[in-house]
Amino acid sequence: MADESVGERNRSNAFVVTARKRTLQKVAKTAGEGMLFSVAFFVAVIVLFIFYFVARDAIPFFQICGFSEFFTSTNWYPADEPGEFGALAIIYGSLMVTLGSAMIAVPMGVAAAICLSDILPFSIRQYAKPVIEMLAAIPSVAFGFFALVVLAPLMQDHGGPMLMWGWWILVSPFLLLSVIVIADLLTANIKDEKRRQQRHWMLLIALGLFSIFLLFKVGSVLNGIQILTGTNALNVSIILSFMALPTIVSVSEDALQAVGRDIREGSYALGATRAETIIKTILPAASSGILAAVILGIMRALGETMVVWMASGNSSHIPEPWFNYLEAIRTLTATIAGDMGEADQVTGSARFHVLFAMGLLLLIISFISNLVSERIVVRQRKILSGQ
Amino acid sequence: MNIGTRKILDRSFTAVGIGSIVVMALALMIVVVPIVYNGIGAVFFTGTVEHRKMLHAEFKRGDSQELSSEVASSNRYRAKIYDMLTGFEAELETMTPEKKAEYQAKYSQVRTALQALLGPLPGDPEPMLTRFKYGQTRWDKAEEKLHDLLFESKWDNSNPNVMSKEYFVSRAIGFEGTSLVRLFPYVKDNFENMLLPEFTFYWGFITDSSVDSHFFGGIWPEIQGTFFLAIGAMLFAFPLGVIAAVYFTEYAKPGFLNSMLRSANSTLAGVPSIVFGMFGLAFFINTMKVSESKSVIAGALTLAIMILPTIIRAAEEAILAVPKTYREASLSLGSTKWNTIATVILPAALPGILTGGVISLGRAAGETAPIIFTAAVSVGSAIGLADVFSSPTPALSWNIYNLASEHEAATQLRHVQYGMVLALVTIVLLLNLSAIVLRARISKKLKC
């Protein structure tokens with residue numbers, strides 16, 4: 001009995017809320033929420049600080065040297081007296097490897113994302129996802145080491161044959177497919193069944209012979225190429241595409257998943273094959289999400305430092321001709337990483353500030369593309385939920 | 001289009017998708033397999049008697065009695081070489097001056113090759129650098145050096161249109177008619193007796209510090225530095241990230257301020273890693289002066305900022321994945337919102353939050369660019385815990401770069417580089433694997 005009465009008393013105390021207690025609770029609640037908010041706000045403060053501190057050290061460069069030399073000249077001689085700070089070739093190099101890696105990673109990444117979201121059964125998908133995560137987790141310096149120590153000597157010693165085999169393996173299935181499709185399309189209008197068959201076979205053989213000729217002709221040209229240096233833009237582009245792939249796959253898979261079942265089922269009901277459903281209905285619906293994925297993947301390649309620093313050759317010139325991926329190049333990130341050590345001693349010189357100007361350029365590009373991709377994702381979500 | 005073509009197109013579309021996943025798996029294999037294969041070679045290899053000499057002298061390891069008997073037996077075979085060298089030097093004195101000059105150059109090349117193979121020759125001054133005190137410690141390297149001794153490499157520039165080709169000329173031919181010609185077959189035949197190869201498990205590669213900038217010894221300072229930096233970054237980023245995630249999921253009201261904060265978060269996630277390094281240099285070191293120059297603390301703070309968005313996102317997802325019923329049950333029992341968060345939601349979300357934390361830890365351990373200007377040095381010994389506020393540290397990621405691209409003997413130290421890469425990749429992949437396993441268990445638990 002006594003126990004019960006004690007419990008009774010405690011409980012009644014617990015529910016008595018005096019004015020003092022209420023204010024205390026209120027104050028504690030506001031203070032707690034304020035603390036949480038300030039921590040969350042801290043992130044925004046960091047972003048502002050990054051912009052401020054990078055810009056603070058970048059602006060003196062533009063005050064000393066102006067904009068025109070930086071963006072238009074290709075003479076990069078920062079150690080000279082007075083130094084020349086033409087970063088055009090460096091910016092071009094950055095764009096070149098970014099574009100190169102995008103050309104490899106975007107088709108592969110989107111195809112893999114489609115495969116993961118629409119084609120593979122769940123049981124296989126479970127094993128494919130960790131592979132992608134592992135690829136994303138491998139440190140960039142390990143990729144750079146691989147590019148420098150394994151891939152570069154391979155390219156230098158067996159460049160021509162490697163290019164030839166790459167061409168054959170990549171292009172022959174696509175040529176085969178396009179031969180079949182073109183033959184089919186060109187003969188589709190012929191009414192007479194027998195003649196159509198005849199024409200179809202003739203076209204198939206003719207196109208097939210032509211494509212075999214093309215394969216071997218281009219292959220032998222590629223086989224003859226000698227790669228002078230293994231540390232070149234192609235090497236870096238291949239490795240960067242490995243690094244951009246996981247981002248592209250996972251973000252575009254999310255976009256594809258966001259497209260509902262009803263659209264897919266509608267298309268199947270109209271008699272479309274799976275490929276037609278995906279290409280004609282799902283991809284257009286998810287296109288903006290995929291675009292966001294591509295932007296994020298490209299940013300990963302543009303901002304990557306170690307791979308390009310180790311394996312791009314670091315020579316500041318625009319390749320000759322301009323699309324020659326077999327020449328050494330130099331990128332913004334590698335220049336910052338490589339030159340800071342030498343410039344650091346003389347804080348205040350243009351040589352130090354020009355690196356911050358490059359950092360600011362990278363920062364602005366990444367900021368804008370982030371905003372754009374975010375807008376795109378938000379808009380897609382709105383459109384899809386509105387339907 | 002006819003139905004057959006449509007079917008073929010459909011199949012090939014599927015094939016492209018599966019093919020690209022296979023290519024990704026292959027890419028992972030192609031990168032990881034050589035790293036693992038060669039990296040294991042840094043720990044398990046065929047060591048020579050020179051390796052055991054080095055271990056005994058530098059790390060006081062190994063049985064000195066056994067070692068001295070081994071050294072004695074190898075010296076028996078080496079003595080004959082030294083005799084031949086002295087014999088040839090005497091022979092040189094008797095030659096005409098032109099002939100002497102001609103042979104002298106070749107002879108000094110032979111001497112250098114022998115020094116690289118067997119360590120200092122009798123009569124050489126005591127070398128200053130440890131790397132010259134011993135011969136080849138690894139059998140595979142020793143075989144390369146033997147080739148250097150037996151053959152001279154020359155370049156064929158005869159055709160100006162193609163790249164010049166390397167070819168090899170036997171050195172023995174150059175000494176035809178002198179007493180030294182006997183040296184080459186002798187070295188070749190008694191090679192094993194001079195170096196006594198033996199299978200070696202060099203566990204010290206993980207726990208030793210390096211001797212003479214990674215020529216000998218292990219990578220402990222780098223591993224320790226990596227742990228310091230990654231754990232330091234977590235100490236700052238993890239509490240901040242979880243608190244921010246609680247705010248975003250539980251308290252934030254939709255509106256301009258909230259969307260701005262979220263934009264800031266995704267902007268931070270997209271900033272190139274090298275820019276974090278510049279910011280760390282400009283802010284933590286040059287403005288805040290957390291340390292005189294590079295230091296572990298500056299690097300850890302920079303890494304913390306870099307992994308903050310990842311942690312926030314992972315924690316948010318984990319908190320949102322907690323079933324609504326938990327929250328409702330707790331609130332209906334009369335607990336306050338704060339109480340619910342602290343005693344119900346966070347414990348339920350903890351495994352998910354930890355998964356994100358483990359992945360971020362891996363990212364902090366593997367990242368190089370942010371620590372180049374803020375924390376990393378190329379050579380150095382392991383630092384004590386008290387020094388983290390003032391001194392920089394070697395770290396795996398940075399030293400891989402440094403050894404592979406800036407070290408003066410980069411091509412000779414490939415085995416050390418592979419060993420470092422393997423150590424780093426193992427750390428990062430183990431962290432990620434544990435995260436994957438953890439997540440699989442959570443999703444099972446939430447399903448039940």
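Bear in mind the structure is a predicted one, so any value in this text is a computation, not a measurement. (Residues numbered from 1 in each chain as written. Chains lettered and ligands numbered in written order. Predicted model: local features only at pLDDT ≥ 70, side-chain atom pairs only at ≥ 80, totals over all residues. Heavy atoms only, no water.)

Participant: Explain the interface of chain B and chain A to me, please; I cannot follow it from the model alone.
Facilitator: It is common to give the size of an interface as the accessible area that goes away when the parts come together. Facing the 86 residues of chain B at the interface are 87 residues of chain A. Put simply, chain B and chain A have two salt bridges between them. A salt bridge links Arg439(B) to Glu133(A), with the shortest nitrogen-to-oxygen separation between them at 2.9 Å. At the junction of chain B with chain A, the criterion picks out twelve residue pairs in polar contact (both at pLDDT 80 or more). Going through the elements one at a time, helix 1 (3-40), helix 10 (220-251), helix 11 (256-270), helix 12 (273-285), helix 13 (296-320), helix 16 (369-372), helix 17 (396-406) and helix 18 (414-447) of chain B are the ones with two or more residues in the side of chain B that touches chain A. Counting residues per element, the side of chain B that touches chain A draws most heavily on helix 1 of chain B, at 23 residues. The residue inventory of the side of chain B that touches chain A, partitioned by class, reads 59 nonpolar, 20 polar and seven charged. (Contact = heavy atoms within 4.5 Å. Salt bridge = Lys/Arg side-chain N within 4 Å of Asp/Glu carboxyl O. Polar contact = N/O pair within 3.5 Å; in protein donor to acceptor, adjacent residues only side chain to side chain. Helix = DSSP H or I, 4+ residues; strand = E, 2+ residues; numbered from the N terminus. Nonpolar A, V, L, I, M, F, W, Y, C, P; charged D, E, K, R; others polar.)

Participant: Help me understand the domain arrangement of chain A, please; the structure alone is not making it clear to me.
Facilitator: All names here are of chain A. By the assigned domains, chain A splits into domain 1 (2-63) and domain 2 (66-162 + 226-386). Taken together, the ten residues of domain 1 in the interface contact 14 residues of domain 2. Carbon and sulfur atoms make up 84% of the area that domain 1 and domain 2 hide from each other, which totals about 1200 Å². When the buried surface of domain 1 facing domain 2 is broken down by residue, Phe51, Phe61 and Phe62 rank first, second and third, together holding 58% of it. On inspection of domain 1 and its partner domain 2, the count reaches zero salt bridges. Our count for the contact surface shared by domain 1 and domain 2 stands at two residue pairs in polar contact (both at pLDDT 80 or more). Here the residues of the side of domain 1 that touches domain 2 are counted per class, giving nine nonpolar, no polar and one charged. (Domains from an automatic or database assignment. Buried area = accessible area lost by both parts, 1.4 Å probe.)

Participant: What exactly am I supposed to notice about unusual backbone geometry here?
Facilitator: With the exception of glycine, most residues fall at negative phi, and the peptide bonds are largely trans. The peptide bond linking Glu320(A) to Pro321(A) adopts the cis configuration, its omega dihedral lying at -10°. Of note, Pro321(A) is situated in the loop between helix 11 (306-311) and helix 12 (332-343). Positive phi values are uncommon outside glycine, yet Ser213(B) reaches one of about 40°. Residue placement: Ser213(B) occurs in the loop between strand 5 (210-211) and strand 6 (216-217). Residue classification places Ser213(B) among the buried residues on the basis of a relative accessible area of 19%. (Buried < 20%, exposed > 50% of the residue type's maximum accessible area, 1.4 Å probe, protein only.)

Participant: Which parts of the structure should I look at to understand the confidence of the model for chain A?
Facilitator: All names here are of chain A. Per-chain confidence: chain A averages 86 in pLDDT, with 94% of residues scoring 70 or above. Confidence, expressed as mean pLDDT per element, reaches its minimum in chain A at helix 1 (residues 2-15) with 52 and its maximum at helix 11 with 92. This stretch, residues 1-7, has a pLDDT under 50; its non-local contacts, to residues over four places away or in other chains, come to zero contacts. (pLDDT = per-residue confidence, 0-100.)

Participant: Quick question: what am I supposed to make of the nonpolar core here?
Facilitator: Note on soluble globular proteins: their nonpolar side chains tend to be buried together. Of all hydrophobic cores here, the largest spans 199 residues; its most connected members are Ile50(A), Phe143(A), Met340(A), Phe356(A) and Met358(A). Ranked by residues supplied to this core, first place goes to helix 13 of chain B with 15 residues. The residues contacting Phe356(A), other than those within four sequence positions of it, are Phe53(A), Val54(A), Asp57(A), Ala58(A), Met340(A), Met278(B), Leu281(B) and Ala282(B). In this structure, Tyr103(B), Leu114(B), Leu121(B) and Leu146(B) belong to the second largest nonpolar core, which totals 30 residues. (Core = buried A, V, L, I, M, F, W, Y, C linked by side-chain atoms within 4.5 Å.)

Participant: Help me out: how do you make sense of the packing of aromatic side chains in this one?
Facilitator: Two measures describe an aromatic ring pair: the distance that separates the ring centres and the angle between the ring planes. Inspection of every chain in the model, using the stated rule, returns 36 aromatic pairs over all chains. Judged by centre distance (5.1 Å) and plane angle (55°), the rings of Phe352(A) and Phe356(A) are tilted. Within this pair, Phe352(A) and its partner Phe356(A) are both found in helix 13 (residues 350-386), separated by four residues, close to a single helical turn. In textbook terms, an aromatic cluster arises when at least three aromatic residues are bridged by ring pairs, as seen for Phe61(A), Phe62(A), Phe67(A), Phe70(A), Phe71(A), Trp76(A) and Phe85(A). Across from the ring centre of Phe45(B), 4.5 Å away, lies the NZ or CZ of Arg138(B), which sits over that ring. When the ring centre of Tyr251(B) is taken as reference, the NZ or CZ atom of Lys337(B) above it lies at 4.5 Å. (Phe/Tyr/Trp six-rings, centres within 6.5 Å; stacked < 30°, edge-to-face > 60°. Lys NZ or Arg CZ within 6 Å of the ring centre and 35° of its normal.)

Participant: Help me out: how do you make sense of the pattern of salt bridges in this one?
Facilitator: Oppositely charged side chains are able to pair whenever their charged atoms sit close together. For the structure shown, the criterion picks out 23 salt bridges over all chains. A salt bridge links Glu253(A) to Lys129(A), with the shortest nitrogen-to-oxygen separation between them at 3.0 Å. Here Glu253(A) is found in helix 8 (residues 233-258), whereas its partner Lys129(A) is found in helix 5 (residues 122-137), with 124 residues between them in sequence. Residue Glu253(A) is classed as buried on the basis of its relative accessible area of 4%. Since its relative accessible area comes to 32%, Lys129(A) is described here as partly exposed. Beyond isolated ion pairs, a larger network of salt bridges with shared partners links Glu50(B), Lys53(B) and Arg78(B).

Participant: Is there a simple way to think about helix 10 of chain B in this case?
Facilitator: Think of an α-helix as 3.6 residues a turn; residues three or four steps apart then line up on the same face. Here helix 10 of chain B spans 45 Å end to end across 32 residues, near enough to the 46 Å set by a 1.5 Å rise per residue. Of all the bends found along helix 10 of chain B, the most pronounced is centred on Ala237(B) and spans about 30°, while Pro239(B), a proline, follows it within four residues. (Expected span 1.5 Å × (residues − 1). Bend = angle between axes of the 7 residues up to and from the residue.)

Participant: I keep staring at the domain arrangement of chain B and nothing clicks. Help me out?
Facilitator: Domain boundaries assigned for chain B yield domain 1 (49-199) and domain 2 (220-447). On a C-alpha basis, the centroid separation for the pair domain 1 of chain B and domain 2 of chain B is 50 Å.

Participant: How should I be thinking about a positive patch on the surface in this particular structure?
Facilitator: A cluster of basic residues, Arg22(A), Lys26(A), Lys29(A), Lys253(B) and Lys337(B), forms a positive patch on the protein surface. Of the residues forming the positive patch, the biggest block, three residues, is contributed by helix 2 (residues 19-65) of chain A. Note on placement: Arg22(A) falls in helix 2. Arg22(A) gets classed as exposed once you look at its relative accessible area, which sits at 51%. (Patch = residues over 30% accessible without salt bridge, like charges linked within 9 Å, V, L, I, M, F, W, Y side chains within 5 Å. Areas by Shrake-Rupley, 256 points an atom, 1.4 Å probe, with all protein chains shown as cover. Lys, Arg positive; Asp, Glu negative; His and termini not counted. Charge placed at Lys NZ, Arg CZ, Asp CG, Glu CD.)

Participant: Explanation requested: a nonpolar patch on the surface in the structure shown.
Facilitator: Side chains of Ile18(B), Val22(B), Leu26(B), Met29(B), Ile30(B), Val33(B) and Tyr37(B) sit close together on the surface and give an oily, nonpolar patch of about 690 Å² of accessible area. Along the chain, the position of Leu26(B) falls in helix 1.

Participant: How should the side chain of Thr368(B) be read in this particular structure?
Facilitator: Tracing the chain through its elements places Thr368(B) in the loop between helix 15 (337-366) and helix 16. Dropping the residues within four chain positions of it, Thr368(B) is found in contact with Val141(A), Met306(A), Ser397(B) and Trp398(B).

Participant: Where do I start with helix 5 (residues 139-150) of chain B in this structure?
Facilitator: The end-to-end C-alpha distance of helix 5 of chain B is 16 Å, a good match for the 16 Å that twelve residues give at a rise of 1.5 Å each. What helix 5 of chain B keeps buried is the set Trp139(B), Lys141(B), Ala142(B), Lys145(B), Leu146(B), Leu149(B) and Leu150(B).

Participant: It is not clear to me how the environment of Lys289(B) should be interpreted in this structure. Could you clarify?
Facilitator: Residues and elements named next belong to chain B. Assignment of secondary structure puts Lys289 in the loop between helix 12 and helix 13. It is 60 Å that separates the C-alpha atoms of Lys289 and Leu85, two residues lying 204 residues apart in sequence. Contacts of Lys289, omitting those with residues within four sequence positions, involve Phe283 and Phe284.

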